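# Fold and geometry: a report
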Amino acid sequence: MYKYEWYWKKGLCDAEIIDIKKEDYNYDYRQRCPIRNMFEIILDAKGAMYDTLVKSIRFYNYKIVRGGEDLLHTWWYDDEITEQGGRKQLKLTSRKSKDKFCELILIFDKAEIIR
């Protein structure tokens, strides 16, 4: 059983990261939980070992803790989602070549899977 309904349960190993989009939104700061920004990982999942239907993953109210600048045209290798202080944290490892890996650590409030 998975903790999050939106999680990519089958796994995305070997899906290619083909684009990264970042957006900042105008929001009403008086709202209880406004959506301030979005980080989107766009995938070509046809080569994924398990879940070939995921087109992109959007993370709302994100903050990059580490990495992310070299994710383009790498292959999803492993991921882990944990919680810290009421927010979720994604630790994503992707592979650039046989021996070269990239890491992204991202804190976010909410995620959405586009299939």
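Data block above holds the structure.
This part is about the environment of Lys96. Structurally, the position occupied by Lys96 is in the loop between strand S6 (87-95) and strand S7 (101-108). On the basis of relative accessibility, which here comes to 33%, the residue Lys96 falls in the partly exposed class. Put simply, Lys96 and Trp76 are 20 residues apart on the chain and 9.2 Å apart in space, counted from C-alpha to C-alpha. Ignoring anything within four residues of it in the chain, the contact list for Lys96 reads Asp70, Leu72, Thr74, Trp75 and Cys102.

Here we take up the side chain of Ser56. Looking at where Ser56 falls in the secondary structure, it is placed in strand S3 (residues 56-60). Exposure remark for Ser56: the relative accessible area of 4% places this residue in the buried category. Here Glu40 takes part through its side chain, which lies 2.8 Å from a polar atom of the side chain of Ser56. For Ser56, the residues in contact, after removing those within four places along its chain, are Glu40, Ile41, Ile42, Leu43, Glu112, Ile113 and Ile114.

Turning next to unusual backbone geometry. In this structure, Asp14 is a non-glycine residue whose phi angle is positive, near 80 degrees. The topology assignment puts Asp14 in the segment before strand S1 (16-24). Positive phi is not limited to glycine here, since His73 has a value of about 60 degrees.

Across a sheet, strands are paired by hydrogen bonds formed along the backbone, either parallel or antiparallel in direction. Read from one edge of the open sheet, 8 strands run S4-S7-S6-S5-S1-S2-S3-S8, paired in antiparallel fashion. Single-partner strands in this sheet number two, and they are strand S4 (63-67) and strand S8 (110-114). Recorded for the sheet is a direction-independent mean angle of 20 degrees between the axes of neighbouring strands. Here 5 bridges tie S3 to S8, and the two strands are oriented antiparallel to one another. By the bridge assignment, Tyr60 is partnered in S8 with Lys110.

With that settled, the discussion passes to the nonpolar core. The nonpolar side chains of a soluble globular protein tend to be buried with one another. One finds Trp6, Trp8, Ile41, Leu43, Ile57, Phe59 and Trp76 to be the most contacted residues of the largest nonpolar core, which totals 27 residues. Element by element, the count of residues in this core is highest for S7, at 4 residues. Those residues in contact with Trp8 that sit more than four places away from it in its chain are Asp51, Ile57, Phe59, Trp76, Asp79, Ile81, Leu90, Ile113 and Arg115.

What counts, and where the lines are drawn
- Residues numbered from 1 in each chain as written.
- Predicted model: local features only at pLDDT ≥ 70, side-chain atom pairs only at ≥ 80, totals over all residues.
- Heavy atoms only, no water.
- Helix = DSSP H or I, 4+ residues; strand = E, 2+ residues; numbered from the N terminus.
- Buried < 20%, exposed > 50% of the residue type's maximum accessible area, 1.4 Å probe, protein only.
- Contact = heavy atoms within 4.5 Å.
- Polar contact = N/O pair within 3.5 Å; in protein donor to acceptor, adjacent residues only side chain to side chain.
- Pairing = 2+ DSSP bridges.
- Axes fitted to C-alpha atoms, helices over the stretch in contact; angles between N-to-C directions.
- Core = buried A, V, L, I, M, F, W, Y, C linked by side-chain atoms within 4.5 Å.

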